[in-house]
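Single-letter residue listing:
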Amino acid sequence: MKAAVYYQNGGPEVLKYEDVPDPECHPKGVVIRVEAVSIEGGDTLNRWHGALANKPHVVGYQAGGEIVQVGSEVTDLKVGQKVTTVFGAGSHAALRAVPARNAWPVPKGFNIKLAAAIPVPFGTADDCLFEFGHLKSGETVLVQAGASGVGVAAIQLAKRAGATVLATASSNERLERLKPLGLDHGINYKTDDVAKSVMKLTHNRGVDLVVDPVGGATLQGSLLSLAYRGRVSMVGAAGREAMTIDVSSLMAGNRSLTGVFLGAEIGTDRAHNMIQRLIDEAARGELKVVIDRTFPLSEAAAAHAYIESRQAVGRVLLIP
Ligand SMILES: NC(=O)c1ccc[n+]([C@@H]2O[C@H](COP(=O)([O-])OP(=O)(O)OC[C@H]3O[C@@H](n4cnc5c(N)ncnc54)[C@H](OP(=O)(O)O)[C@@H]3O)[C@@H](O)[C@H]2O)c1
């Protein structure tokens, strides 16, 4: 099969388009013919410095497509069914094998390209806001990197839950594109200090919850943006900076900082069902999946470079 592979970590240019052996179907797994690869923030980070399972390595967490093989012990999925899948690697390819547990059926008539982009960003955003962030209606949320895959999901889910939604991005144009999703107040962190802007917008109260997929200096700003009893769901390192932060503002305000990792619970019934619910809601038009651009799989290097140019809002897809 064709795949986008690399032999060493590095910039987008390490991605090559090559022939590699087809994946094998595990008795408890399925193989899908990939119709859309959703490039996740973690894919670009893994390409940059993640471990290579094999050489060449096929990177990628998330892809949707049609089941072409079902393992002998799998009873609830069948050949010909459309599913969206998540696994540790292997999405950037024409075929991918995953455990059956990591495949979610796509409702009939729902565009597979949209379904392909749901599980990780929407599931992560949901966990950051509700399971670990304990968001309640009437609270105020700050979504750092609002134009990211996790960000566009978090803005919509927070708004739907009755929150006032603030978000950051690196340009006014990116913030504008978030308004139809439910953004109440955008903060351009290139021109404005985030914590000061939050305090101004909240009349010096601060926000009840921050979703922070960026880390580093951004995480420091998240802590300084919190209200009394405010919480931070720390969920990523998109900023690629060291996590050397000062947590001294937490104690006096009964504030908290919680790490969130969807991968640790994605195999549980709770997370599996939560992701299926989000797919079904998107299929009914209750959530918007934002696809910025698509590239052929053969141009995976250009797609990764485009993401890293910070122009994408929401997801960039690869089509085999
Ligand atoms: N823990 C978990 O379970 C989990 C799950 C999903 C994702 N994540 C992590 O969450 C982070 C975001 O994932 P995603 O899929 O939402 O990412 P994404 O769609 O690729 O977006 C990343 C965004 O981060 C912002 N950013 C800030 N500093 C950056 C830098 N130095 N380089 C590149 N972008 C930078 C950019 O927006 P601006 O230009 O507007 O700042 C960019 O749009 C990643 O670190 C990912 O690994 C964790």
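Residues numbered from 1 in each chain as written. Predicted model: local features only at pLDDT ≥ 70, side-chain atom pairs only at ≥ 80, totals over all residues. Heavy atoms only, no water.

1. What to know about the site of the ligand
- If you check the shell around the ligand, you find 26 residues, and the closest are S170, Y189, V235, R310 and R315.
- For the ligand, a nitrogen atom lies 3.1 Å from a polar atom in the backbone of V235.
- The contact in question runs from an oxygen atom of the ligand to an N or O atom on the backbone of A237, over 3.1 Å.
- When the free accessible area of the ligand is taken as 920 Å², the share hidden by the protein chains comes to 85%.
- Elements with a minimum of two residues in the shell around the ligand: α1 (41-49), α3 (119-131) and α4 (149-160).
- Top contributing element to the shell around the ligand by residue count: α1, with three residues.
- Tallied by class, the residues present in the shell around the ligand amount to 14 nonpolar, eight polar and four charged.
- Domain assignment of the residues forming the shell around the ligand places at least three in each of domain 1 (2-117 + 289-319) and domain 2 (121-263). (Near = heavy atom within 4 Å. Polar contact = N/O pair within 3.5 Å; in protein donor to acceptor, adjacent residues only side chain to side chain. Areas by Shrake-Rupley, 256 points an atom, 1.4 Å probe, with all protein chains shown as cover. Helix = DSSP H or I, 4+ residues; strand = E, 2+ residues; numbered from the N terminus. Nonpolar A, V, L, I, M, F, W, Y, C, P; charged D, E, K, R; others polar. Domains from an automatic or database assignment.)

2. With respect to the layout of surface pockets
- Of the pockets and cavities examined, the second largest pocket occupies roughly 360 Å³.
- By residue number, the principal contributor to the lining of the second largest pocket is strand β6 (residues 95-99), which donates three residues.
- Grouping the amino acids of the lining of the second largest pocket by side-chain chemistry returns 12 nonpolar, three polar and one charged. (1 Å grid on protein atoms, 1.4 Å probe; cavity = no way out; pocket = protein on both sides within 12 Å on 5 of 7 lines; lining within 4 Å. Points joined across faces, edges and corners; volume = space filled by probe spheres on them.)

3. Some details on the domain arrangement of the protein chain
- If you check the domain split of the protein chain, you get domain 1 (2-117 + 289-319) and domain 2 (121-263).
- The gap between the C-alpha centroids of domain 1 and domain 2 is 28 Å.
- If you look at the interface, domain 1 gives 16 residues, while domain 2 gives 14 residues.
- Contact with domain 2 buries surface across domain 1, with L45, R310 and V313 losing the most and accounting together for 40% of the total.
- Linking domain 1 with domain 2 are two salt bridges, by the criterion used here.
- The closest approach of N and O atoms between D292 and R177, which form a salt bridge, is 2.9 Å. (Contact = heavy atoms within 4.5 Å. Buried area = accessible area lost by both parts, 1.4 Å probe. Salt bridge = Lys/Arg side-chain N within 4 Å of Asp/Glu carboxyl O.)

4. A word on empty space enclosed by the protein
- Throughout the structure, instances matching the rule amount to one cavity of 30 Å³ or more.
- The volume enclosed by the largest cavity comes to roughly 40 Å³.
- Lining the largest cavity, in full, are A117, P121, F122, G149, V152, K288, V289, V290 and R315.
- Only α3 and α4 provide two or more residues apiece to the lining of the largest cavity.
- Class assignment for the residues of the lining of the largest cavity results in six nonpolar, one polar and two charged.

5. A word on the nonpolar core
- Within the largest apolar cluster, 51 residues are counted, with the highest numbers of intra-cluster contacts made by I118, F122, L129, V141, I155 and L178.
- The set of elements that each furnish at least two residues to this core consists of α2 (112-116), α3, β8 (140-143), α4, β9 (164-169), β11 (207-212) and α9 (269-283).
- Among the elements that take part in this core, α4 stands out by supplying seven residues, more than any other.
- Composition of this core by domain shows at least three residues from each of domain 1 (2-117 + 289-319) and domain 2 (121-263).
- Contacts of V141, omitting those with residues within four sequence positions, involve L129, L135, A158, A163, T164, V165, L166, V207 and L209.
- Among the nonpolar cores identified, the runner-up in size contains 26 residues, and I67, A300, A303 and V316 belong to it. (Core = buried A, V, L, I, M, F, W, Y, C linked by side-chain atoms within 4.5 Å. Buried < 20%, exposed > 50% of the residue type's maximum accessible area, 1.4 Å probe, protein only.)

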